[in-house]
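# Working through the structure, step by step
Residue-level listing of the chains:
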Amino acid sequence: MAPLQADPGIWPTVARVSVTLNALLLLALGALWARNYWQFRSKHTLGLFVFSLLLLAENVLALYYYMADPTLATWFATAVPAIAWRAMMLLHVLETVALVFLTWVSWD
Amino acid sequence: MEAVLWYVLTGTRGGPNRVRLLQAINERPRNANQFAEALDLDYTTIRHHLEVLIDNGMVRKSGGDYGAVYLTTEQVDHHWETVETISEQVE
């Protein structure tokens, strides 16, 4: 068996927390837009709702790859070095910041 | 203005209530208390929605702080067709 890589440190945890947060924010936004679509029946609210669904799918898939997929989860946990985790983590965290702002403007 | 109307009225949590409020304002300018009564909403809720509508240039305030009357802006009047399209589905 190949030797394990150096410990990637905190980045996998930050990435998973960030992806989970993305999924929760998208669930809230999706529920809001679904409710508004139900009421307005406009293509605008439908577009927002579908957008939130697809971005939610992206995040749920990422979480699945990181934590549950039989092949990928093992690979991510043991073979991915810190530099790669840091790069991916940054993408997820940027998405979290974007979603926090979108939720902030949509929640009032 | 079009995009602002769509997002503020249909993309946000308070959108449906703001559509009702905007219609009520267009029907007849009134003060916050009267809108609260007419729409059966909390006074603070009405104040919040009025602030959002003012922030987005859809409503303006006329008169002093106490008992100020709220009216639609020229911009919104100009795009009233869009508001009508949006509100067709709200009660």
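- As annotated in an unreviewed UniProt entry, chain B carries the name Transcriptional regulator, ArsR family protein and is attributed to Halalkalicoccus jeotgali.

## Quick notes on the overall build of chain A
- Check the secondary structure of chain A and you find four helices and zero strands.
- Along chain A, helices (α) and strands (β) appear in the sequence α-α-α-α when read from the amino end.
- Its C-alpha atoms give chain A a radius of gyration of 17 Å, clearly above 13 Å, the size a compact globule of 108 residues would have.
- Taken along the three principal axes of its C-alpha coordinates, chain A extends 60 × 25 × 15 Å.
- Classification of the 108 residues of chain A by burial places 33% in the buried group.
- Taking the intrachain contacts of chain A between residues at least 6 apart in sequence as the baseline, contacts between residues at least 24 apart amount to 74%.
- Carbon and sulfur atoms provide 77% of the accessible area of chain A, an area that totals close to 6500 Å².
- The average position of the 5 basic charges and that of the 5 acidic charges among the side chains of chain A differ by 11 Å.

## Re the interface of chain B and chain A
- At the interface, 17 residues of chain B touch 16 residues of chain A.
- Together chain B and chain A conceal approximately 1300 Å² of surface at their shared face, both sides included; 58% is due to carbon and sulfur atoms.
- It is Y7(B), T10(B) and R13(B) in chain B that bury the most area against chain A; as a group they hold 42% of the surface buried on that side.
- A salt bridge links R18(B) to D108(A), with the nearest nitrogen and oxygen atoms 3.5 Å apart.
- Applying the counting criterion to the chain B and chain A interface returns nine residue pairs in polar contact (both at pLDDT 80 or more).
- Ranked by residues supplied to the side of chain B that touches chain A, first place goes to helix 1 (residues 2-11) of chain B with five residues.
- Partitioning the side of chain B that touches chain A into residue classes produces eight nonpolar, seven polar and two charged.

## Describing a nonpolar patch on the surface
Residues and elements named next belong to chain A.
- Taken together, the side chains of L61, Y64, Y65, L72 and W75 present a nonpolar region at the surface, about 460 Å² in accessible area.
- Elements with a contribution of two residues or more to the nonpolar patch: helix 2 (43-67) and helix 3 (72-78).
- A total of three residues in the nonpolar patch trace back to one element, the largest contributor, which is helix 2.
- As for its placement among the helices and strands, Y64 is situated in helix 2.

## As for unusual backbone geometry
- The backbone phi angle of R41(A) is positive, close to 55°, even though this residue is not glycine.
- Tracing the backbone through its elements, the reader meets R41(A) in the loop between helix 1 (11-40) and helix 2.
- Phi at D40(B) takes a positive value of approximately 55°, unusual for a residue other than glycine.
- Assignment of secondary structure puts D40(B) in the loop between helix 3 (32-39) and helix 4 (43-55).

## Some details on a negative patch on the surface
- On the surface, E2(B), E81(B), E84(B) and E88(B) cluster together into a patch of negative charge.
- For E84(B), a relative accessible area of 39% puts it in the partly exposed group.

## Some details on the UniProt feature "domain: HTH arsR-type" (unreviewed entry) in chain B
- In this structure's numbering, the residues bearing the UniProt feature "domain: HTH arsR-type" (unreviewed entry) are residues 16-61 of chain B.
- Strand forms 11% of residues 16-61 of chain B and helix 72%; the C-alpha atoms that close the span are 21 Å apart.

Cut-offs used in this document
Residues numbered from 1 in each chain as written. Chains lettered and ligands numbered in written order. Predicted model: local features only at pLDDT ≥ 70, side-chain atom pairs only at ≥ 80, totals over all residues. Heavy atoms only, no water. Helix = DSSP H or I, 4+ residues; strand = E, 2+ residues; numbered from the N terminus. Rg over C-alpha atoms; globule rule 2.2 N^0.38 Å. Buried < 20%, exposed > 50% of the residue type's maximum accessible area, 1.4 Å probe, protein only. Contact = heavy atoms within 4.5 Å. Areas by Shrake-Rupley, 256 points an atom, 1.4 Å probe, with all protein chains shown as cover. Lys, Arg positive; Asp, Glu negative; His and termini not counted. Charge placed at Lys NZ, Arg CZ, Asp CG, Glu CD. Buried area = accessible area lost by both parts, 1.4 Å probe. Salt bridge = Lys/Arg side-chain N within 4 Å of Asp/Glu carboxyl O. Polar contact = N/O pair within 3.5 Å; in protein donor to acceptor, adjacent residues only side chain to side chain. Nonpolar A, V, L, I, M, F, W, Y, C, P; charged D, E, K, R; others polar. Patch = residues over 30% accessible without salt bridge, like charges linked within 9 Å, V, L, I, M, F, W, Y side chains within 5 Å. UniProt positions renumbered as here; feature names shortened; annotations may be inferred.

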